Every structure is written in C-alpha cells, then in structure tokens.
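The chain contents come next:
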Amino acid sequence: MSEQEWQAFVAEGTRTGKVATTRPDGRPHVAPVWFVLDGGDLVFTTGKDTVKGRALTTDPRVAICVDDERPPFSFVLIEGTATVSEEMGPLLDAAIKLGARYMGADRAEEFGRRNAVPGELLIRVRPDKVIAKAALSE
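Presented here is an overview of the structure given in this document. (Residues numbered from 1 in each chain as written. Predicted model: local features only at pLDDT ≥ 70, side-chain atom pairs only at ≥ 80, totals over all residues. Heavy atoms only, no water.)

**Structural notes on the overall build of the protein**
For step 1, the next point in the chain: The helix and strand inventory of the protein stands at 4 helices and 7 strands.
For step 2, the next point in the chain: Reading the secondary structure of the protein in the N-to-C direction produces α-β-β-β-β-α-β-β-α-α-β.
For step 3, the next point in the chain: The C-alpha extent of the protein, read off along each of the three principal axes, is 45 × 40 × 25 Å.
For step 4, the next point in the chain: Taken over 138 residues, the protein has a buried fraction of 38%.
For step 5, the next point in the chain: Within the structure as shown, the protein displays about 7500 Å² of accessible surface, and the carbon and sulfur contribution to it stands at 52%.
For step 6, the next point in the chain: Of note, the protein has its 18 positive side-chain charges centred 4 Å away from the centre of its 21 negative side-chain charges. (Helix = DSSP H or I, 4+ residues; strand = E, 2+ residues; numbered from the N terminus. Buried < 20%, exposed > 50% of the residue type's maximum accessible area, 1.4 Å probe, protein only. Areas by Shrake-Rupley, 256 points an atom, 1.4 Å probe, with all protein chains shown as cover. Lys, Arg positive; Asp, Glu negative; His and termini not counted. Charge placed at Lys NZ, Arg CZ, Asp CG, Glu CD.)

**Let's talk about the environment of Asp-38**
For step 1, the next point in the chain: Relative to the assigned elements, Asp-38 resides in strand β3 (residues 36-38).
For step 2, the next point in the chain: Classification of Asp-38 as partly exposed rests on a relative accessible area of 28%.
For step 3, the next point in the chain: Separated by 59 residues in sequence, Asp-38 and Lys-97 have C-alpha atoms that sit 9.8 Å apart.
For step 4, the next point in the chain: Setting aside anything within four residues of it in sequence, one finds Asp-38 in contact with Val-43, Lys-97 and Arg-124. (Contact = heavy atoms within 4.5 Å.)

**A few points about helix α4 (residues 108-115)**
For step 1, the next point in the chain: Those residues of α4 that sit buried are Ala-108, Phe-111, Gly-112 and Asn-115. Seen end-on, α4 carries its buried residues on one side only, within an arc spanning 100°. The exposed residues of α4 that point more than 90 degrees off its buried face are Arg-113 and Arg-114.
For step 2, the next point in the chain: Of the surrounding elements, those touching the buried residues of α4 are α3 (88-103) and β7 (120-133). (Arc of directions from axis to C-beta.)

Okay, here's the thing in structure tokens:
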C-alpha cells in the first residue's frame, strides 16, 4: 500500500489498533486501543498507571497493528516513537475525536469529557516504519 492507501485503511470505520510495548523486564505487552490519525501521527489515550502508559513513559518505542480479519485480509504495521503528554487541552481534543470515531458524533463530547481527566495520557506516535499489505489471500 502507498502512504495514502495505508492511512485510508487505518482511518476506515472503527478498526482498533493493537499496541505493543515493552515492560521494564523486557516482556512484551499488547493491548487494543481506539485511535485516530492526526497529521500522519497515530493518536490514542491511555491511563497513566496502565501497563502501556507506564511502558511508553519509560520507553517510547512502540508498534501498532491495524488489520482487517475478513477476506481478502489486509494489515498495517506501524513502528514508531511515542510522545506522551498530560496537557488537558490537547487531551480533550483527542478524546473528542476518538469519541466521534468510535461512539458517533452525537456522543463525541460526552466521551471526550469523560476521558480527558487527570491521570489520562495523550499518546502521539510518529511512524518510523510502516509495513502495509492489502488483499493477502488474492
């Protein structure tokens, strides 16, 4: 897939991302997240005290897989570096966008205000490497 194609693929519908981080002892951790694209970056929120929140605060390296499990099967794997922020304005903006994508425009504000609270982190992943394959079974 081209850059435009993989960005359209990950932005389609309500696909989730599977975020892989590394725990302090080196063990991997994978968790699903809601995300949006913002200027080429993948953006999501998480709790400061979650495994992924603690891991990304310590080690910003991350991998995210977004896939379509239906034939003909496609996926995008993004490796990148995360920046972590607790700034409430950008956190609220992102949480509202997440709410719009996954809950619908009518619940976006409600979702954003519920989730943009102290203890939540805004994670912005800048892609360093992207592997994107479409229609694997064709």
